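Architecture at a glance
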Amino acid sequence: MHKNHPSLFAAIHVGSEQVSLQIVEYRNLETIRVLENIHRQISLGEETFQTGRIGTDTVAQLCDILKGFRRKLTEYGVRDYRLMATTAIREAANQPYIIDQIQIKADLEAEVVDMPQEIFFKYVAIFRKMQVLGLTGGKEALLFVDITSGGLGITLYRNGRILYQQNIHIGVLRIKESFNKTQRDSLSFQQALGEYIFSVIEPVRPALAGHTIRYVVLSGPDTELFLQMLGRKTRCALDSVKQEEFLVLYKKLHKLNLSQVMQAFALSEAKADMALPTIILYQQLLSLCQAQELAVVNDQFLDGMTVCHIAQKTKHPWMDEIDKQTFSLIRSLAKKYHQHDGHSEAVAAVSLQLFDKLHRAHGLGKRERQLLEGAALLHDIGKFVSLRSHYLFSHRLILSSDILGFSEKEKLIMACVAQYHSKGTPRPSDPTLSGLSVQEQMTVAKLAAIIRLADAIDRTHRQKALKIELTFRGEELLVTVTTREDYALEQWTFADKASFFENVFGIRPILIRQAG
């Protein structure tokens, strides 16, 4: 394409209740123009949550919709696209067969994204909108709450930093399907529903304590239903709902049965059936943080897909801001486990210095560099559990944590790098590596070898090194450390750890102490 012509991109999202297509043209992140926005309703999530799989007829219906989308791509001449499937297909037992049928019948390559990635794409779109509206720079915090059919993502943001992030499997449709029809028709249902939601999300409260939250920023398919029940007929860039207005709706709904909800708000039975879980979930979230206002933006998962793709394609510096937020969350996680100290920062800094110097030796890219930094910042968090074999607990804690912006596979790589940061040799037979491909296992070995040397350079946790210089001498890597202090323990440790590095890279590292 001529450099003066705009580029084309298509984002396709297979969700739990609808399949959507967005086609845009762009030159950069500031000049995105939407050419098509198409949404087709389909009930995938209900089948997955009820039966654990998606039926043959529904899969055929899905493929027919996607064939129509493929024709649209051809009509516009779009070659650059991404198709992402979220909760319903992700959790379906027949997921691989569905993806294969999409490939064969619709001629589209589909990616199944996990929950952290799903929340991340939505967060990116909504944060950008709040930023454009000038609502991200204040001293007060923002609580981003994304509610899908099958999950709930909670992200606490303040002043350029993500302070807390948690993903919970408690979406509106999943809540509804947790109760059978007899239970939903019971007079005790509203009380039981409120208690059920409370029991799941109440553990989030301590993380929000002490923060003044300006807005609870809501996103997800059921925000449309919420605004409809409030009588909002037209959407704005941001719909603001005061706490008092919301509580009037909550109290009104609390007194109504299903047929009365249908009549009072002009809803279909299916929509009315979703209204109560939606509003009670909103009420419980509002009670967690005592925010005075709810904000609803109209950006969706598709918008996040588009923003991320274009920012990365055009190498837009705005994504650096998102990366900084991601690493602020990692640092918050390290602080939670009492390991946000000079040592973890020193190990991260030296690890990145080694990574950059070794770029021809390791053949890895920017994403692996970020995985290395994350593993370095978190490599010692297992000490919160036990000082014995702490690296094993570091592995477990990283895997069990929600880290916005990193997939489950990427978290596994970080966890394995942390596990091998001080001892051991990664082997294909190791159970912790069983979920990784051969190439990914090699990435673990390379990053672990790097972090192991960086950890040795600050073995005493006292940051004795004033300056570190790296130079190659044939097949040797000379690590010259300038220090004014005794450096014997670090030198002995370095020598002990050097063999693994040499085995991985075929380069012998040599530590040289230079008086400061």
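Presented here is an overview of the structure given in this document.

Conventions and cut-offs
- Residues numbered from 1 in each chain as written.
- Predicted model: local features only at pLDDT ≥ 70, side-chain atom pairs only at ≥ 80, totals over all residues.
- Heavy atoms only, no water.
- Helix = DSSP H or I, 4+ residues; strand = E, 2+ residues; numbered from the N terminus.
- Buried < 20%, exposed > 50% of the residue type's maximum accessible area, 1.4 Å probe, protein only.
- Lys, Arg positive; Asp, Glu negative; His and termini not counted.
- Salt bridge = Lys/Arg side-chain N within 4 Å of Asp/Glu carboxyl O.
- Polar contact = N/O pair within 3.5 Å; in protein donor to acceptor, adjacent residues only side chain to side chain.
- Pairing = 2+ DSSP bridges.
- Axes fitted to C-alpha atoms, helices over the stretch in contact; angles between N-to-C directions.
- Expected span 1.5 Å × (residues − 1).
- Arc of directions from axis to C-beta.
- Contact = heavy atoms within 4.5 Å.
- Core = buried A, V, L, I, M, F, W, Y, C linked by side-chain atoms within 4.5 Å.
- Left-handed = near helix turned anticlockwise from the far one by under 90°.
- Nonpolar A, V, L, I, M, F, W, Y, C, P; charged D, E, K, R; others polar.

**Considerations on the side chain of Asp114**
The residue Asp114 is located in the loop between strand E5 (110-112) and helix H5 (115-132) in this model. Arg90 is the oppositely charged side chain nearest to the buried, salt-bridge-free Asp114, at an N-O distance of 6.3 Å. Among the polar contacts listed, one links the side chain of Asp114 to the backbone nitrogen of Glu408, at a separation of 2.7 Å.

**Section: the sheet that holds strand E13 (residues 476-483)**
Spatially, the 3 strands line up as an open sheet ordered E12-E13-E14, and their pairing is mixed. Only two strands of the sheet have a single partner each, and these edge strands are strand E12 (467-473) and strand E14 (508-515). Averaged over all pairs of adjacent strands, the angle between their axes in this sheet comes to 20°, without regard to strand direction. Note that E13 and E14 share 8 bridges and pair parallel. Bridge pairing in E14 links Leu478 to Ile510.

**Description of helix H11 (residues 243-254)**
When the terminal C-alpha atoms of H11 are compared, their 16 Å separation across 12 residues agrees well with the 16 Å that a helix rising 1.5 Å per residue should span. Residues of H11 that are buried include every one of Gln243, Phe246, Leu249, Tyr250 and Leu253, and no others. Projected onto a plane normal to the axis of H11, the buried residues spread over an arc of 125° and lie on a single side. Exposed side of H11, more than 90 degrees from the buried face: Val248 and Lys251 are the residues found there. Here the buried face of H11 lies against helix H8 (189-201), helix H10 (223-229), strand E10 (238-242), helix H12 (258-265), helix H13 (269-289) and strand E11 (293-297).

**Observations concerning the nonpolar core**
Grouped together as the largest cluster of nonpolar side chains are 57 residues, with contacts concentrated most on Leu354, Val479 and Phe501. When residues of this core are assigned to their parent elements, the largest contribution, 11 residues, is made by helix H21 (residues 438-457). Once residues within four sequence positions are removed from consideration, Val479 is found in contact with Ile457, Ile468, Glu469, Leu470, Phe494, Ile510, Leu511 and Ile512. With 54 residues, the next largest nonpolar core counts Ile168, Ile175, Leu208 and Leu227 among its residues.

**Some points on the packing of H5 against helix H15 (residues 318-336)**
Viewed as axis vectors pointing N to C, H5 and H15 meet at an angle of 115°, and their least axial separation amounts to 12 Å. Pair H5 / H15 crosses with right-handed handedness. Only Trp318, Glu321, Ile322, Gln325 and Thr326 of H15 make contact with H5, whose side of the interface consists of Phe120, Tyr123, Val124, Phe127, Arg128 and Gln131. Across the contact of H5 with H15, the residue classes break down as 6 nonpolar, 3 polar and 2 charged.

Purely geometric stuff here, so don't read any function into it on its own.
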